[in-house]
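For reference, the chains in residue letters:
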Amino acid sequence: MNAPDPASGQLIAEGIKATVKLAEEFIAAAMGHPGEELGTILGTAFNRRLKNLREIGSKAHFTLLNIGVEPAPVPLKIIQPMIEGASLEEDPNLREKWANLMANAADPRRKYDISPFFQAILRELSPRDALFLDALHQTWKNTALTPLGWTFSTPDLIDIFKGAGLGDPDWHPHDRIQTFAEAEATDVEYVESSEEFELSMDILTRTTILRPEIENEPIELGGGSGEVVAAAGNQVHVFTRTNYLYTSFGQRFMRACQPPPKTIG
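All values derive from a computational prediction rather than experimental measurement.

### What about the environment of Leu199?
Here comes step 1: Here Leu199 is to be found in helix 9 (residues 188–206).
Here comes step 2: Residue classification places Leu199 among the partly exposed residues on the basis of a relative accessible area of 47%.
Here comes step 3: Sequence separation between Leu199 and Arg128 is 71 residues; the distance between their C-alpha atoms is 9.6 Å.

Below, the structure is given as structure tokens:
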């Protein structure tokens, strides 16, 4: 059996060392502290999380005190994920939601039932998603209190998205039809706005805040509807429309992310 070559072993060790150094440099740059040691960076990250948690927890506490309520114990499976998620949040709007969610969870009056899923959803929302959801919830509050008032068409949702200041102001996807390739080649803002909208829609549907509902357009076989395309044989392709229901679960989630009411009627 041949003895290991010391020179080869040294080269391997140096390669591993160089790889580790590159990894540390990348992490340092990504954390906003280029050139610092990894141990220092991890300490800084912990301090950032602690600062976030203190500020959000303080906001939640004062929210309850301002309505004359003392915080009550919260079940561990609820509060522990909240602490974890809140400590990572640095967006002001989302921090406000974390504080309100904590305040509602600690409200001894138990106005809102806080689902363990709420903090998981809040962790997934980007600042863009949160603004879109705020605008959607406000639109829902201003609609008639009927089931029909809870359902939105895609153009409705696009208008709400734009009304929240998201997407390009000149983005009107329901006013024109073109292929993605054509848009990508001629209209960068169109593509970016479409992608941002679709990403937010994916999040809101995956978390069941919105639920797609497919509606078939009625057809008259003897008529000349432009929305019906006849296929070969006995098959007929019918134009379908997808609307989106703002679910009861989504409404409960958003209420839990609002400040608790001063009085409970």
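### Describing the environment of His61
Here comes step 1: Within the secondary structure layout, His61 lies in helix 2 (residues 38–65).
Here comes step 2: Along the backbone, His61 and Asp107 are 46 residues apart, and their C-alpha atoms lie at a distance of 9.9 Å.

### Examining the side chain of His137
Here comes step 1: You can see His137 is positioned in helix 6 (residues 127–141).
Here comes step 2: Non-local contacts of His137, meaning those with residues more than four positions away in its chain, are made with Tyr246, Gln251 and Met254.

### Comments concerning the packing of aromatic side chains
Here comes step 1: For the structure on display, the rule yields 6 aromatic pairs.
Here comes step 2: Look at Phe132 and Phe161: their rings are 5.2 Å apart centre to centre, the planes differ by 85 degrees, and that puts the pair in the edge-to-face class. Remark: Phe161 occurs in helix 7 (residues 154–163) and Phe132 occurs in helix 6; sequence separation between them is 29 residues.
Here comes step 3: A residue is classified by how much of its surface remains accessible, and Phe161, at 0% relative accessible area, is buried.
Here comes step 4: Ring-pair connections join several aromatic residues into one group, and the members of that group are Phe118, Phe249 and Phe253.

### Concerning the packing of helix 6 against helix 7
Here comes step 1: Viewed as axis vectors pointing N to C, helix 6 and helix 7 meet at an angle of 115 degrees, and their least axial separation amounts to 9 Å. The handedness of the crossing between helix 6 and helix 7 is right-handed. When helix 6 is examined against helix 7, the residues Arg128, Phe132, Ala135, Leu136 and Thr139 are found in contact with a partner set consisting of Leu157, Ile160 and Phe161.
Here comes step 2: By residue class, the composition of the contact of helix 6 with helix 7 is 6 nonpolar, 1 polar and 1 charged.

### Some details on helix 5 (residues 116–124)
Here comes step 1: Among the residues of helix 5, those classed as buried are Phe118, Gln119, Ile121 and Leu122. Here the buried residues of helix 5 occupy an arc of 160 degrees about the axis, which is enough to place them on one side.
Here comes step 2: Where helix 5 is buried, its residues contact helix 3 (76–87), helix 4 (92–106) and helix 10 (248–256).

### Description of the side chain of Glu89
Here comes step 1: Relative to the elements of secondary structure, Glu89 occurs in the loop between helix 3 and helix 4.
Here comes step 2: The side chain of Glu89 is buried and forms no salt bridge, while Arg95, the nearest opposite charge, is found at 7.1 Å.
Here comes step 3: If we ignore the near neighbours within four places in the chain, the residues touching Glu89 are Asn52, Ile56, Leu94, Arg95 and Trp98.

Procedures and definitions
Residues numbered from 1 in each chain as written. Predicted model: local features only at pLDDT ≥ 70, side-chain atom pairs only at ≥ 80, totals over all residues. Heavy atoms only, no water. Helix = DSSP H or I, 4+ residues; strand = E, 2+ residues; numbered from the N terminus. Buried < 20%, exposed > 50% of the residue type's maximum accessible area, 1.4 Å probe, protein only. Contact = heavy atoms within 4.5 Å. Phe/Tyr/Trp six-rings, centres within 6.5 Å; stacked < 30°, edge-to-face > 60°. Axes fitted to C-alpha atoms, helices over the stretch in contact; angles between N-to-C directions. Left-handed = near helix turned anticlockwise from the far one by under 90°. Nonpolar A, V, L, I, M, F, W, Y, C, P; charged D, E, K, R; others polar. Arc of directions from axis to C-beta. Lys, Arg positive; Asp, Glu negative; His and termini not counted. Salt bridge = Lys/Arg side-chain N within 4 Å of Asp/Glu carboxyl O.

By themselves, these figures tell us nothing about what the structure is for.
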